[in-house]
Amino acid sequence: GAVVSQHPSWVICKSGTSVKIECRSLDFQATTMFWYRQFPKQSLMLMATSNEGSKATYEQGVEKDKFLINHASLTLSTLTVTSAHPEDSSFYICSARGQGYSPLHFGNGTRLTVT
Amino acid sequence: RKEVEQDPGPFNVPEGATVAFNCTYSNSASQSFFWYRQDCRKEPKLLMSVYSSGNEDGRFTAQLNRASQYISLLIRDSKLSDSATYLCVVDTGTASKLTFGTGTRLQVTL
């Protein structure tokens, strides 16, 4: 089945540093990738939709200058959390979708802890 | 009205029970529907797509009711390992965006 690889699985960083998270679709071309954030015991929250070759579309309340998204190819999207603060600590998950109305496939998530 | 609504639960059922969840959606133009399962501190995993004619996969049966705009998931002979959060996912009328319900928590007990 379709596989989405997300790295790193977990990261601990100091306040003020930037963290890059990669999301790759391994066996299909993903024209659209999505980035989510999930706090403990809460539902997934869509942060942005990433389209290959164009600017990402951010959801209301998500700072585009803080969460930089780059979708450089049909198989790779990256999310960079810039100048991270402790309140950015969360579980970040990417997902990718192939053509048409196919299901979403999720990466295994990145647990970010900012100290 | 929320685009996708689910009862958050938790549903506590004994092993071997049959349990059903519903999920309502507001956009009548929605074309694709899915059930995902999410374990604690893990990413969601696709459980099954939901087709107009209804579909079954082992102990799991999914149904779509377009007239009433809801989908359902039926789990028969519940196992302890079925304990998880079940997410309903619906496209919002465009192929590029899917909306998640908040999830229904299922706890299967001995």
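Above this text sits the structure in question.
About the cut-offs
Residues numbered from 1 in each chain as written. Chains lettered and ligands numbered in written order. Predicted model: local features only at pLDDT ≥ 70, side-chain atom pairs only at ≥ 80, totals over all residues. Heavy atoms only, no water. Contact = heavy atoms within 4.5 Å. Buried area = accessible area lost by both parts, 1.4 Å probe. Salt bridge = Lys/Arg side-chain N within 4 Å of Asp/Glu carboxyl O. Helix = DSSP H or I, 4+ residues; strand = E, 2+ residues; numbered from the N terminus. Buried < 20%, exposed > 50% of the residue type's maximum accessible area, 1.4 Å probe, protein only. Pairing = 2+ DSSP bridges. Axes fitted to C-alpha atoms, helices over the stretch in contact; angles between N-to-C directions. Disulfide = S-S within 2.5 Å.

Colleague: Would you take a moment to explain the interface of chain A and chain B for this structure?
Modeller: For an interface, size is often stated in terms of accessible area lost upon the parts coming together. Counting residues at the interface gives 22 residues for chain A, matched by 19 residues for chain B. Of the roughly 1600 Å² buried at the junction of chain A and chain B (both faces included), carbon and sulfur atoms supply 62%. It is Arg-97, Tyr-101 and Phe-106 of chain A in chain A that bury the most area against chain B; as a group they hold 31% of the surface buried on that side. Counting every contact that joins chain A to chain B gives zero salt bridges.

Colleague: Looking at this structure, I do not really get the environment of Ala-96 of chain A. What am I missing?
Modeller: All names here are of chain A. Note that Ala-96 resides in strand β9 (residues 90–97). Residue classification places Ala-96 among the buried residues on the basis of a relative accessible area of 0%. Measuring from C-alpha to C-alpha, the distance between Ala-96 and Asp-65 comes to 22 Å, with 31 residues separating the pair along the chain. Ala-96 has contacts with Val-4, Phe-28, Ala-30, Thr-32, Met-33, Pro-103, Leu-104 and His-105, leaving out every residue within four places of it along the chain.

Colleague: I keep staring at the sheet that holds strand β6 (residues 55–57) of chain B and nothing clicks. Help me out?
Modeller: Neighbouring strands of a sheet are bound in pairs by backbone hydrogen bonds; such pairs are parallel or else antiparallel. All names here are of chain B. In space, the five strands of this open sheet follow the order β1-β3-β8-β7-β6, with antiparallel pairing throughout. Looking along the sheet, the strands with just one partner apiece sit at the ends: β1 (4–6) and β6. Averaged over all neighbouring strand pairs, the angle between strand axes comes to 20 degrees, with direction disregarded. In terms of strand pairing, strand β7 (residues 60–65) meets strand β8 (residues 70–75) through six bridges, oriented antiparallel. In the strand pairing of β8, Thr-61 is matched with Leu-74.

Colleague: Is there a simple way to explain the pairing of strand β3 (residues 19–25) of chain B in this structure?
Modeller: Two faces make up the sheet, and in a regular strand the side chains alternate between them. Residue and element names in this part refer to chain B. Side-chain alternation along β3 places Val-19, Phe-21, Cys-23 and Tyr-25 on a buried face and Ala-20, Asn-22 and Thr-24 on a face that remains uncovered. With three bridges connecting them, β1 and β3 associate as antiparallel partners. Paired with Val-4 across the two strands is Tyr-25, which belongs to β3. In this sheet, β8 lies alongside β3 in antiparallel orientation, the contact comprising six bridges. Counted as the bridge partner of Cys-23 is Ile-71 from β8.

Colleague: Quick question: what am I supposed to make of the state of the cysteines here?
Modeller: By definition, a disulfide links the sulfur atoms of two cysteine residues through a covalent bond. As enumerated under the stated definition, the model contains two disulfides over all chains in all. Here Cys-23 of chain A engages in a disulfide with Cys-94 of chain A; their sulfurs sit 2.0 Å apart. Across the S-S bond linking Cys-23 of chain A and Cys-94 of chain A, the dihedral sits near 80 degrees, which makes this disulfide right-handed. Here Cys-94 of chain A lies in strand β9 and Cys-23 of chain A lies in strand β3 (residues 19–25), a separation of 71 residues in the sequence. Taking relative accessible area as the criterion, Cys-94 of chain A reaches 0% and is therefore assigned buried. Disulfide pairing is shown between Cys-23 of chain B and Cys-88 of chain B; the S-S distance is 1.9 Å. Judged by the torsion about the S-S bond (-65 degrees), the Cys-23 of chain B/Cys-88 of chain B disulfide is left-handed. Here Cys-23 of chain B, found in strand β3, pairs with Cys-88 of chain B, found in strand β9 (residues 84–91); they are 65 residues apart in sequence, far enough to count as distant. Residue class for Cys-23 of chain B comes out buried when judged on its relative accessible area of 0%. Distance from the sulfur of Cys-13 of chain A, which forms no disulfide, to the nearest cysteine sulfur (Cys-94 of chain A) is 18 Å.

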